[in-house]
Amino acid sequence: MDLRQIEEQFIIVRDELATRGEAWAEKKAAYEELDDLSKDKLSIIKIIFSGTEDLSEVKLERLARADIEWSKFQTELSNARKEYLIADAKYTSAKSWHETLRSLNAVARQIVI
């Protein structure tokens, strides 16, 4: 790989890094937003159950965690976490490749000079 090819590849990877960085940020924000809502979601479900009869906090917690809405929310949270972790791996990989090309470019420039 000559210097010109390294520089061309560097530009491609730099652009890919930006794209993956944006995807990572979006997935991270989506996951964190859902994660932040966990306690509120569980509390809302507990409130719904508390209106039906006089139940202890422990019983309300168990009923809420067994509820289909909580299950759906947990699935959504799990999917968001998975998407975030995949985006994180892709972003980290692109950063590593970018640094490798940067180093290769520096070495190639020293050889040419």
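Please read all numbers here as calculations on a predicted model, not as lab measurements.

K.L.:
What's the story with the nonpolar core in this structure? I'm lost.
P.N.:
As a rule of thumb, soluble globular proteins bury nonpolar side chains together. Counting ten residues, the largest nonpolar core consists of Tyr31, Leu34, Leu42, Ile45, Ala64, Trp70, Phe73, Leu77, Ala80 and Tyr84. At the level of elements, helix H1 (3–50) and helix H3 (68–112) are the ones that each hand at least two residues to this core. Ranked by residues supplied to this core, first place goes to H3 with five residues.

K.L.:
Just to check I follow, could you spell out a negative patch on the surface for this structure?
P.N.:
Together, Glu33, Asp35, Asp36 and Asp40 line one region of the surface with negative charge. Relative to the helices and strands, Glu33 is located in helix H1. Under the relative-accessibility criterion, Glu33 is labelled exposed at 53%.

K.L.:
Just checking my understanding: could you explain the pattern of salt bridges for this structure?
P.N.:
Taken as a whole and judged by the stated rule, the model has ten salt bridges. For the salt bridge of Arg4 with Glu8, the shortest nitrogen-to-oxygen distance reads 2.8 Å. One end of the pair, Arg4, and the other, Glu8, are both in helix H1, four residues apart, so they sit about a helical turn from each other. Assessed through its relative accessible area of 41%, Glu8 is described here as partly exposed. Measuring nitrogen to oxygen at the nearest pair gives 2.6 Å for the salt bridge that ties Glu16 to Arg20. Taken together, the residues Glu16 and Arg20, both in helix H1 and four residues apart, mark about one turn of the helix. Residue Glu16 is classed as partly exposed on the basis of its relative accessible area, which comes to 34%. Salt bridges sharing partners connect three or more residues here, namely Lys46, Glu57, Glu61 and Arg65.

K.L.:
Would you take a moment to explain the side chain of Asp67 for this structure?
P.N.:
Here Asp67 lies in the loop between helix H2 (57–66) and H3. The side chain of Asp67 is buried and forms no salt bridge, while Lys41, the nearest opposite charge, is found at 7.4 Å. Looking at Asp67, its side chain comes within polar contact range of the main-chain nitrogen of Glu69, at 2.9 Å. Apart from the residues within four sequence positions on either side, Asp67 is in contact with Ile45 and Phe49.

Criteria and thresholds
Just so you know, the residues in each chain are numbered from 1, in the order the chain's sequence is written. Since the coordinates come from a predicted model, pLDDT governs what is reported: local features require at least 70, and pairs of side-chain atoms require 80 or more to be given and counted, while whole-chain, interface and lining totals use all residues. Heavy atoms from the whole structure form the basis of all side-chain values; hydrogens and water molecules are not counted. Buried Ala, Val, Leu, Ile, Met, Phe, Trp, Tyr and Cys residues form a nonpolar core when they are joined through side-chain atoms within 4.5 Å. Summary of the burial criterion: residues with accessible area below 20% of their type's maximum are buried, those above 50% are exposed, and those between are partly exposed, where the area comes from a 1.4 Å probe applied to protein chains only. Strands here mean DSSP runs of E at least two residues long; helices mean DSSP runs of H or I at least four residues long; both are numbered from the N terminus. Patches here: salt-bridge-free residues with over 30% relative accessible area, like charges joined within 9 Å, nonpolar side chains (Val, Leu, Ile, Met, Phe, Trp, Tyr) joined within 5 Å. With residues, only the protein chains shown are counted as cover, and all accessible areas are computed by Shrake-Rupley using a 1.4 Å probe. Counted as salt bridges are all cases of a side-chain nitrogen of Lys or Arg within 4 Å of a carboxyl oxygen of Asp or Glu. For this count, His and the chain ends are skipped, Lys and Arg are scored as positive, and Asp and Glu as negative. A charge is said to be at NZ when it belongs to Lys, at CZ for Arg, at CG for Asp and at CD for Glu. The term polar contact refers here to a pair of N or O atoms within 3.5 Å; inside protein, the definition further demands a hydrogen-donor-capable atom paired with an acceptor-capable atom, and it admits residues adjacent in sequence only when both atoms are side-chain atoms. Between two residues, a contact is recorded if the distance between any of their heavy atoms is within 4.5 Å.

In short, geometric facts, not functional conclusions.
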